[in-house]
Amino acid sequence: MRPALELTSVPAWATTPTRPHADICGRSWTVVAFGPSGAEIAGLWCSQIAATGRETAVHVHEVAAEGGDENARAALISDLADARVGWRLMMAGPADSCLRLRALAMQLGVADDEITVASTDVGLRSVQCVHCRTVTSAAVELDDVLPCAGCGRNLLVYYHVSRRQGAHLGFMVDAEEQELS
């Protein structure tokens, strides 16, 4: 039985691609765009911010959709060091990358209401094994089963996302069927 998504820790944008409008309530923005699809959305956001007519500061960081995590992390850390009241973080790209960057932002003290996420692809998920803590990335859906890259257990991709890790929870699906040794 599937729980109602809004009652879980899984953000809706991690299961369905989303294109929210820019958060124009801020005074300065860090916009991280993962890949060409993310850059397209970032361009729209910049236009929406510019249309307010206010004096604004927008830092756009375009990073590779695959493997751009380190550049995105560095951009966030750098911009956050200079952030003042009214700063906002907006990110666009694959949900998997956005979850990881959101986890770092949360660790650095950024609040959920200061973050806007547009997800362009929700097919790839990072799943952390509760048994060995290995993170396995694969094209899986919630409720699917995948083998852990670390311990080999068959993991159920559960309806939980760690805000600290930016990964879905995976636990041994057939534990009750295993023989005790």
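Attention in this report is confined to the structure presented alongside it. Here the structure is a predicted model, which means the values were calculated and not measured.

1. With respect to the overall build of the protein
Reasoning step 1: Each helix and strand in the protein was counted, giving three helices and nine strands.
Reasoning step 2: Here the protein, with 181 residues, has 43% of them falling under the buried criterion.
Reasoning step 3: Of all intrachain contacts in the protein linking residues separated by at least 6 positions in sequence, the fraction that spans at least 24 positions is 64%.
Reasoning step 4: As displayed, the protein offers around 9600 Å² of accessible surface, 51% of which is attributable to carbon and sulfur atoms.
Reasoning step 5: Positive and negative side-chain charges of the protein, numbering 14 and 22 respectively, have mean locations separated by a distance of 7 Å.

2. Details of the sheet that holds strand β4 (residues 115-121)
Reasoning step 1: Overall, parallel pairing links the four strands, which are arranged β2-β1-β3-β4 in an open sheet. Where the open sheet ends on each side, the last strands, each with one partner, are β2 (57-63) and β4. Taken over all neighbouring pairs, the strand axes of this sheet differ in orientation by 10° on average, direction set aside.
Reasoning step 2: For strand β1 (residues 28-34) and strand β3 (residues 87-94), the ladder comprises six bridges, and the chain directions are parallel. Bridging across to β3, W29 finds its partner in R88.
Reasoning step 3: Here helix α1 (residues 35-50) sits on the sheet in contact with β1, β2, β3 and β4, set at roughly 155° to β1.
Reasoning step 4: Of the strands in this sheet, β1, β2 and β3 touch helix α2 (residues 69-81), which is tilted by about 165° from β2.

3. Here we look at the packing of aromatic side chains
Reasoning step 1: For the structure shown, the criterion picks out two aromatic pairs.
Reasoning step 2: When the ring of Y158 is compared with that of Y159, the centres are 6.1 Å apart and the planes differ by 80°; the resulting orientation is edge-to-face.
Reasoning step 3: For Y158, a relative accessible area of 37% translates into the label partly exposed.
Reasoning step 4: Here the aromatic cluster, defined as three or more aromatic residues joined through ring pairs, consists of Y158, Y159 and F171.

Definitions and limits used
Residues numbered from 1 in each chain as written. Predicted model: local features only at pLDDT ≥ 70, side-chain atom pairs only at ≥ 80, totals over all residues. Heavy atoms only, no water. Helix = DSSP H or I, 4+ residues; strand = E, 2+ residues; numbered from the N terminus. Buried < 20%, exposed > 50% of the residue type's maximum accessible area, 1.4 Å probe, protein only. Contact = heavy atoms within 4.5 Å. Areas by Shrake-Rupley, 256 points an atom, 1.4 Å probe, with all protein chains shown as cover. Lys, Arg positive; Asp, Glu negative; His and termini not counted. Charge placed at Lys NZ, Arg CZ, Asp CG, Glu CD. Pairing = 2+ DSSP bridges. Axes fitted to C-alpha atoms, helices over the stretch in contact; angles between N-to-C directions. Phe/Tyr/Trp six-rings, centres within 6.5 Å; stacked < 30°, edge-to-face > 60°.

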